[in-house]
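Inside the fold
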Amino acid sequence: MTVFEKWSEARGREIIAAHEALEGATLPILHALQEVFGYVPREAIPLVAGALNLTRAEVHGIVTFYHDFRERPPGARVLKLCRAEACQSMGADALAEHAREKLRVDWGGTTADGRLTLEPVFCLGLCACAPAAMLDDRVVGALDAARLGALLDEAGRR
Amino acid sequence: MNPRLFVSRDAGALALGADEVERAIVLAEQRRGLSIEIVRTGSRGLFWLEPMIEVATPEGRIAYGPVRAQDVEGMFEAGLLDGGPHPLRLGRPEELPFLKRQTRLTFARCGIVDRLSLEDYRAHGGFRGLERAFALGAPAIVEEVVGSGLRGRGGAGFPTGIKWRTAAQAQAAQKYIVCNADEGDSGTFADRMIMEGDPFSLIEGMTIAGIAVGATKGYVYVRSEYPHAIEILRRAVDIARGGGYLGAGVMGSPHAFDLEIRVGAGAYVCGEETALLDSLEGKRGMVRAKPPLPAHKGLFGRPTVINNVISLASVPIILAEGATAYRDLGYGRSRGTMPIQLAGNARYGGLFEAAFGLTLGEIVDEIGGGTATGRPVRAVQVGGPLGAYFPRALFETPFDYEAFTAAGGLIGHGGVVVFDDTVDMARQARFAMEFCSIESCGKCTPCRIGSVRGVEVIDRIAKGERGAENRKLLVELCETMKLGSLCALGGFVPYPVLSALTHFPEDFGIAGGDAEAA
C-alpha cells in the first residue's frame, strides 16, 4: 500500500525544482508529483507552468492528455485491470464486469470506503499469461474468477 | 563451487508467482544450511512453463516448470540441485521443441544470462558488435545495417539503415538516438522481455547507432505500464556507465554517448514516432506531419534516429556476425529474424524468434498449439489493435511484411493474439473503434470523430438497424479514415474493423458467405 503525502506548496516546488533542468521536463515533473501526492494537484499546475515557461492552459492540457495523470487522489490501493485484446481473448471482459459490480465502481472510480481505485489499462505486456492485472506495483497474470476474488479481498483489507 | 539456480524474473514470470518461488528457494536453502547462488535472469519466453527455474549441472542446465512455491520443498527433496527427477523436470531447455525450432539472434541471451552482469553479457558475445563498430567507422556501420536488410521492428517495417544514413548525412551540432519502447500493442511483449532480460543489448545497439550517425545523446522512451523494465533499464544504464560503456569515452574510444530513460504516461499514440518525440519534448503526444522527417528535424528540431527496441537490440548481432549472416535468413524482402509473440488464447504462449516465412497456420497451430481453452481457433489478430483479424482460411499466409499487406493485414510488431470460437467479431470491431476514440491524439478529424461514429455505426448494426445501409456506411467510413488520417492510428484501425466484417460477416448479421453484401 502506498502512502501519499498531502499537498504542500513547498514540497511541490521542491519536486519541480529537482527536475526542471531536464530537457523536456514536463512529464518527469508530473510523474514525480503524482508519485508523491498520488495525483497531480490542481494547485501544482501554475507552479509547473511558471517553472517551464508554459501557460497554465498548456500544462492542464498535458495533464489531461495522458491517461496516467490523476486529477484527484486515488484510494489506498490501485487495481489496474487490462482491457486489451489478448486479455479479452481469455475472458477479461467478464472478470472486469464482475470486479465493477463487486466494488460498485466504474472505471477510474474509488470504492466508497476509499480503499481501492479501479483503473483500466490497455496492455501490461503480459499477453502470454492473460488476463492480467496490476495491484499497486505487483503484476498478476492468468486471472480467473478465484484469483480475481483473492485479489479483490486483498485489496479491500486495511 | 556453490550450486547455481537460475530464476526467471521477467514480469510475466513474476505475474505467475516467481517472487514466491524465489522466497521458497531461499527458505529451503536456509533450512538445509546451503549456500546457493541465485542468478536472476529474464525469461526464455515459454510462458506456459513460467515460473521456470534452471539448475547448472555438469551436463548443462536442467529446467523445471511451471514451479509453484509449494513445489519447491519437494523439488529439493528430489535432488533439484543435481538436476534430479521430478514431475516438473523439463530437461535441457534448449531441447524443448518450442526453443529448439527457433533461431535466436536478438534473443540469444534472454533468459540465460544474469541480466545485470556486464561480465555475463561479455561472456555471451556482448560488445563484440560495438568493438567491430569502432573498427569499421561511421559510414561502414551504416552500410552494414543497410546491407543486413533490417527493417523497423516496431511495425512500419521501414529500412533501419536508410533512417541511419539520412540522419548521418544531416548536419547539426547535436543529434539524438531515441529508442521507441512504447510497446502498446496488445499481444506484444518482445520489447519488454529484452529490456528486462538483456538490457545491455539495447544499450549496445543504441551506442552503435550513436557512433554511426554522430549522436552523443540517447533517450529510451518506455511506457509507464512496464515498471519492471524501467527499473532494470535504469540500473543497466548506471552499470554500463560505471563500466565505461557509456559516457565521455565509450570503451576508451574518443566516442561519447550517454543515455537517459524516460517514462511515458499511458498514451497509446505515443508509440507513433512523431507523437513520441513531442511527448519527450514535454508536450501532449500529438502526431506531426512528415516531412520534415525525424532524421532531419526530430527531437527538439534536431536530427534524430528513432527506432524500436528490437530493431536497436538486433544491431549488435548484425555488427558482430556481419550483414550477410543476417540477410541470408528470411523471406522475400523481409530479412533476418522476427520475434513472434504468441498471445491471448494460445496454448503455448510466448516468444518465438524465427526467420521470416513461417505460415500463420504453422505459428498458431503447430507452435502455439491451438487455443489454451481447447476450443477451435476462430480468429487471430496479428499486429496489435490496428492489425487485421485473420480467419483460418488465410492461415497459409507467410509471415512476411509484403505477404501480410497483400492479405489485407500487417505484421506490425509481431504480436499474434489467438481467439477461440466464442469470440464475437462485431464486438472486436467495435472495440477497435472504441480504442481508437480513446487513444486518438485528436489532431485529425477522420481519426478523432470517425472512430466515435464508427462505434455508433457498429452498435446500430448489432441492433439490426438498417443492416445493409449501415454496413456500407461503415466501409465508407473506414475508407475515409484510411485515406484521411495522418498516422497509423486512424489510418490502420480499418484493418481490424474491415477484416472482421469481411471474414466474419455472420457476426454482423449477414448470412454466411454473403460478405459482398457488406
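Residues numbered from 1 in each chain as written. Chains lettered and ligands numbered in written order. Predicted model: local features only at pLDDT ≥ 70, side-chain atom pairs only at ≥ 80, totals over all residues.

**Looking at the overall build of chain B**
Spelled out, the test is: Each helix corresponds to a stretch of at least 4 residues labelled H or I by DSSP, and each strand to a stretch of at least 2 residues labelled E; elements are numbered beginning at the N terminus. Here the globule rule reads 2.2 Å times residues to the power 0.38, and the radius of gyration is calculated from C-alpha atoms. We call two residues in contact whenever the C-beta atoms placed from their backbones are within 7 Å.
Each helix and strand counted, chain B has 22 helices and 16 strands in total. Expected size for 518 residues packed as a compact globule is a radius of gyration near 24 Å; at 24 Å, chain B falls within 12% of this value. The principal-axis extents of the C-alpha atoms in chain B amount to approximately 75 × 60 × 40 Å. A sequence separation of at least 24 residues applies to 72% of the contacts in chain B between residues at least 6 apart.

**Some thoughts on the sheet that holds strand 4 (residues 60-64) of chain B**
Residues and elements named next belong to chain B. Condition: We treat two strands as partners when DSSP finds at least two bridges between them. An axis is simply a line fitted to the C-alpha atoms; with a helix, the fit covers only the stretch in contact. Between two such axes, the angle follows the N-to-C directions and lies from 0 to 180 degrees.
Taken together, the five strands give an open sheet; going across it, the order is 2-1-3-4-5, and neighbouring strands pair in mixed fashion. The open sheet has two free edges, formed respectively by strand 2 (37-41) and strand 5 (89-91), since each of these has just one partner strand. Each strand of the sheet is rotated relative to its neighbour by a mean of 30°, with strand direction disregarded. Here two bridges tie strand 4 to strand 5, and the two strands are oriented antiparallel to one another. Note that in strand 5 the partner of Tyr64 across the bridge is Arg89. Strands in contact with helix 2 (residues 18-31) are strand 1 (4-8), strand 2 and strand 3 (53-57); relative to strand 1, the strand with the most contacts, it is inclined by about 160°.

**Concerning the interface of chain B and chain A**
With 46 residues of chain B at the contact, the number on the chain A side is 34 residues. Contributions of two or more residues to the side of chain B that touches chain A are made by helix 1 (11-15), strand 8 (258-263), helix 12 (273-280), strand 12 (337-344) and strand 16 (415-420) of chain B.

**Quick notes on helix 2 (residues 26-37) of chain A**
Note: α-helices contain 3.6 residues per turn, so residues at a spacing of three or four share the same orientation. Threshold: Expected span of a helix, by definition, is 1.5 Å for each gap between consecutive residues, and there is one gap fewer than residues. Partly exposed residues are those whose C-beta has more than 12 but fewer than 20 other C-beta atoms within 10 Å; with 20 or more the residue is buried, with 12 or fewer it is exposed, and the C-beta atoms are placed from the backbone.
Here helix 2 of chain A is 12 residues long and its end C-alpha atoms lie 16 Å apart, about the 16 Å a rise of 1.5 Å per residue gives. Residues of helix 2 of chain A that are buried: Thr26(A), Leu27(A), Ile29(A), Leu30(A), His31(A), Leu33(A), Gln34(A) and Phe37(A). Where the residues of helix 2 of chain A are buried, they touch helix 1 (9-19), helix 3 (44-52) and helix 4 (56-65) of chain A together with strand 8 and helix 12 of chain B. Of the residues trailing helix 2 of chain A, Gly38(A) is marked for its positive phi of about 85°.

**Examining the domain arrangement of chain A**
We count it as follows: Domains are outlined according to an automatic or database domain assignment.
Domain annotation for chain A reports domain 1 (9-65) and domain 2 (77-156). Measuring from the centre of the C-alpha atoms in domain 1 of chain A to the corresponding centre in domain 2 of chain A gives 29 Å.

**Let's talk about the pairing of strand 13 (residues 350-355) of chain B**
All names here are of chain B. Taking burial as the measure, the six residues of strand 13 include five buried ones, the bulk of the element. Pairing analysis gives six bridges linking strand 12 to strand 13, with the strands arranged antiparallel. From the neighbouring strand, Gln341 faces strand 13, where its bridge partner is Leu351.

**Digging into helix 22 (residues 494-503) of chain B**
Residues and elements named next belong to chain B. Along helix 22, nine of the 10 residues are buried, which leaves the element largely enclosed by surrounding structure. For helix 22, the full list of buried residues reads Pro494, Tyr495, Pro496, Val497, Leu498, Ser499, Ala500, Leu501 and His503. The inward-facing, buried residues of helix 22 abut strand 14 (377-382), strand 15 (389-391), helix 17 (425-439), helix 19 (450-462), helix 20 (467-484) and helix 21 (488-492).

**Here we look at unusual backbone geometry**
All names here are of chain B. Cis geometry is adopted by the peptide bond preceding Pro51, which originates at Glu50 and carries an omega value of -5°. Looking along the chain, the bond that leaves Lys290 and enters Pro291 is cis, with omega of -5°. Tracing the chain through its elements places Pro291 in the loop between helix 12 and strand 9 (304-308). The backbone of Phe127 sits at a positive phi, close to 70°, despite the residue not being glycine. By the element assignment, Phe127 lies in the loop between helix 5 (118-123) and helix 6 (128-136). Under the C-beta neighbour-count criterion, Phe127 is labelled buried, with 22 such atoms within 10 Å. The backbone of Met251 sits at a positive phi, close to 50°, despite the residue not being glycine.

**Observations regarding the environment of Ile510(B)**
Along the chain, the position of Ile510(B) falls in the segment after helix 22. Remark: the alpha-carbon pair of Ile510(B) and Leu358(B), spanning 152 residues in sequence, is separated by 33 Å.

**A short note on the packing of helix 17 of chain B against helix 19 of chain B**
When two helices pack together, their arrangement is given by the angle between the helix axes and by the axis-to-axis distance. Residue and element names in this part refer to chain B. This is how the line gets drawn: For classification purposes, an angle smaller than 35 degrees is called roughly parallel, one larger than 145 roughly antiparallel, one from 65 to 115 roughly perpendicular, and anything else oblique. Handedness of a helix crossing follows the sense of rotation of the near helix relative to the far helix, less than a right angle counterclockwise being left-handed and clockwise being right-handed. Residues are grouped as follows: nonpolar covers Ala, Val, Leu, Ile, Met, Phe, Trp, Tyr, Cys and Pro; charged covers Asp, Glu, Lys and Arg; every other residue, Gly included, is treated as polar.
Where helix 17 contacts helix 19, the two axes come as close as 7 Å, and the packing angle between them is 160°. Here helix 17 is positioned roughly antiparallel relative to helix 19, judged by the angle of their axes. By crossing handedness, the relation of helix 17 to helix 19 is classed as left-handed. The residues of helix 19 that touch helix 17, namely those facing Ala426, Ala429, Arg430, Met433, Glu434, Cys436 and Ser437, are Ser451, Val452, Gly454, Val455, Ile458, Asp459, Ile461 and Ala462. The residue makeup of the contact of helix 17 with helix 19, split by class, is nine nonpolar, three polar and three charged.

**Quick word on the nonpolar core**
The following threshold applies: By definition, a nonpolar core groups buried Ala, Val, Leu, Ile, Met, Phe, Trp, Tyr and Cys residues that are joined through C-beta atoms within 7 Å.
Residues Ala132(A), Val178(B) and Val380(B) are the most contacted members of the largest nonpolar core, which totals 223 residues. Per-element accounting of this core gives the leading share, nine residues, to helix 10 (residues 199-213) of chain B. Residues contacting Val178(B), with those up to four places away along its chain left out, are Gly218(B), Tyr219(B), Tyr221(B), Leu277(B), Leu280(B), Leu299(B), Thr304(B), Val305(B) and Ile306(B).

**Here's the deal with the packing of helix 7 (residues 138-148) of chain B against helix 10 of chain B**
Residues and elements named next belong to chain B. Interhelical geometry of helix 7 versus helix 10 gives an angle of 120° and a closest axis separation of 7 Å. As summarised for this structure, helix 7 and helix 10 are arranged oblique, according to the angle between their axes. Two packed elements cross with a definite hand, and for helix 7 against helix 10 that hand is left-handed. Residue-level contacts link Ala138, Ile141 and Val142 of helix 7 to Ile208, Ile211 and Ala212 of helix 10. The class makeup of the residues in the contact of helix 7 with helix 10 is six nonpolar, no polar and no charged.

**Regarding the sheet that holds strand 1 (residues 77-82) of chain A**
All names here are of chain A. The four strands lie next to each other as 2-1-3-4, forming an open sheet whose pairing is mixed. With one partner strand each, in any of the chains shown, strand 2 (116-121) and strand 4 (138-140) form the two edges of the open sheet. With direction set aside, neighbouring strand axes in the sheet form an average angle of 20°. Judged from the three bridges that link them, strand 1 and strand 3 (residues 133-135) form a sheet pairing that is antiparallel. In the sheet register, Leu79 faces strand 3, and the bridge partner there is Leu135. Strands in contact with helix 7 (residues 145-156) are strand 1, strand 2, strand 3 and strand 4; relative to strand 3, the strand with the most contacts, it is inclined by about 20°.

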